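Reading the structure
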Amino acid sequence: MTESQAREDICRVGTSLFARGYVHATAGNISVRLDEAAGGGFLITPTDACLGFLDPARLARLDAAGQQLSGDRASKTLALHRQIYAAATPFDPATRCVIHTHSTHCVALTLRPGADGDAQELLPAATPYFVMKVGHVPVIPYHRPGDPLAADLVAQTITRYGQQGTPIHAVMLARLGPNVWHDSPAAAMATLEELEETAKLLLLSPTPPAPLTQSQINDLRQTFGARW
């Protein structure tokens, strides 16, 4: 992916997420880790930018150390994004994009009593596509936006799951929103969409659904390579 392509993809995904209500106002941010052939470093949406009205030329451009080179001032979540890339890449070397939103149904699940405690996961193995396309989504207990302690916890969580043999593509920041990552902006957006849709299904269910059985999950592992 060239830098020009990455800029266009970030803006296209931002417009799509905004138009469909996955982000609102100036909430959310998107970054791309550039290949060395494209100059290395990162692109990230500017601080307080609306994802529905991004200008490719004004995205923040940073070097590999996180120092800004051009564009508008980088999102304050840059440190979190960089920690996600550093922790996720050993398990998924192709990781190229991180998306953070304040998606309504995901956040609503963490507002329930006891939903943001340590060792919690946002959702059970409720549907086959959630298991296949998203996987485990650990909940990170509430910290103020931009708190470096939250970034440290996210990185530690990614590493722990990866070392256990179940690399993850998402974490949930309690009361704030999900962070998802994948090998392209389109793939990261698809992961976010499946995550938010599953959260919506659970909130709409009159009673908590029984998760898929271990046998059903094993079938998804063997047939589709699900990481659960």
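Here the structure is a predicted model, which is why all the values come from computation and not from measurement.

Brief notes about unusual backbone geometry
- Phi is positive for Ala25, close to 45°, though the residue is something other than glycine.
- Look at Ala25 and you get exposed, because its relative accessible area is 51%.
- One non-glycine residue with positive phi stands out, namely Asp48, at about 60°.
- Note that Asp48 resides in the loop between strand E2 (42–44) and strand E3 (60–62).
- Since its relative accessible area comes to 56%, Asp48 is described here as exposed.

Quick notes on the packing of aromatic side chains
- Taken as a whole and assessed by the stated rule, the structure comprises three aromatic pairs.
- For the pair Phe18 and Phe53, a centre-to-centre distance of 5.5 Å together with 65° between the ring planes defines the contact as edge-to-face. Linking Phe18 in helix H1 (residues 3–19) with Phe53 in the loop between E2 and E3, this pair joins segments that are 35 residues apart in sequence.

Some words on helix H6 (residues 185–204)
- Counted at 1.5 Å a residue, the expected span for H6 with its 20 residues is 28 Å, and the 28 Å between its end C-alpha atoms agrees.
- Buried within H6 we find Pro185, Ala187, Ala188, Met189, Thr191, Leu192, Leu195, Glu196, Thr198, Ala199 and Leu202.

What about the pairing of strand E1 (residues 29–33)?
- Of all five residues making up E1, five are buried, and the element is well covered by its neighbours.
- Here E1 shows two buried faces, one formed by Asn29, Ser31 and Arg33 and the other by Ile30 and Val32.
- As paired strands, E1 and strand E5 (residues 97–100) are joined by four bridges and run antiparallel to one another. When the sheet's bridge partners are listed, Ile30 is paired in E5 with Ile99.

Examining the packing of helix H2 (residues 78–88) against helix H5 (residues 148–163)
- Remark: H2 packs on H5, axes separated minimally by 9 Å, with the N-to-C direction vectors making an angle of 15°. By the angle class used here, H2 and H5 are roughly parallel. Seen from above, H2 lies across H5 with right-handed handedness. Where H2 approaches H5, its residues Leu80, Gln83, Ile84, Ala87 and Ala88 are matched on the opposing element by Ala151, Asp152, Val154, Ala155, Ile158 and Thr159.
- Among the residues making up the contact of H2 with H5, the classes are represented as eight nonpolar, two polar and one charged.

What counts, and where the lines are drawn
- Residues numbered from 1 in each chain as written.
- Predicted model: local features only at pLDDT ≥ 70, side-chain atom pairs only at ≥ 80, totals over all residues.
- Heavy atoms only, no water.
- Buried < 20%, exposed > 50% of the residue type's maximum accessible area, 1.4 Å probe, protein only.
- Helix = DSSP H or I, 4+ residues; strand = E, 2+ residues; numbered from the N terminus.
- Phe/Tyr/Trp six-rings, centres within 6.5 Å; stacked < 30°, edge-to-face > 60°.
- Expected span 1.5 Å × (residues − 1).
- Pairing = 2+ DSSP bridges.
- Axes fitted to C-alpha atoms, helices over the stretch in contact; angles between N-to-C directions.
- Parallel < 35°, antiparallel > 145°, perpendicular 65-115°, else oblique.
- Left-handed = near helix turned anticlockwise from the far one by under 90°.
- Contact = heavy atoms within 4.5 Å.
- Nonpolar A, V, L, I, M, F, W, Y, C, P; charged D, E, K, R; others polar.

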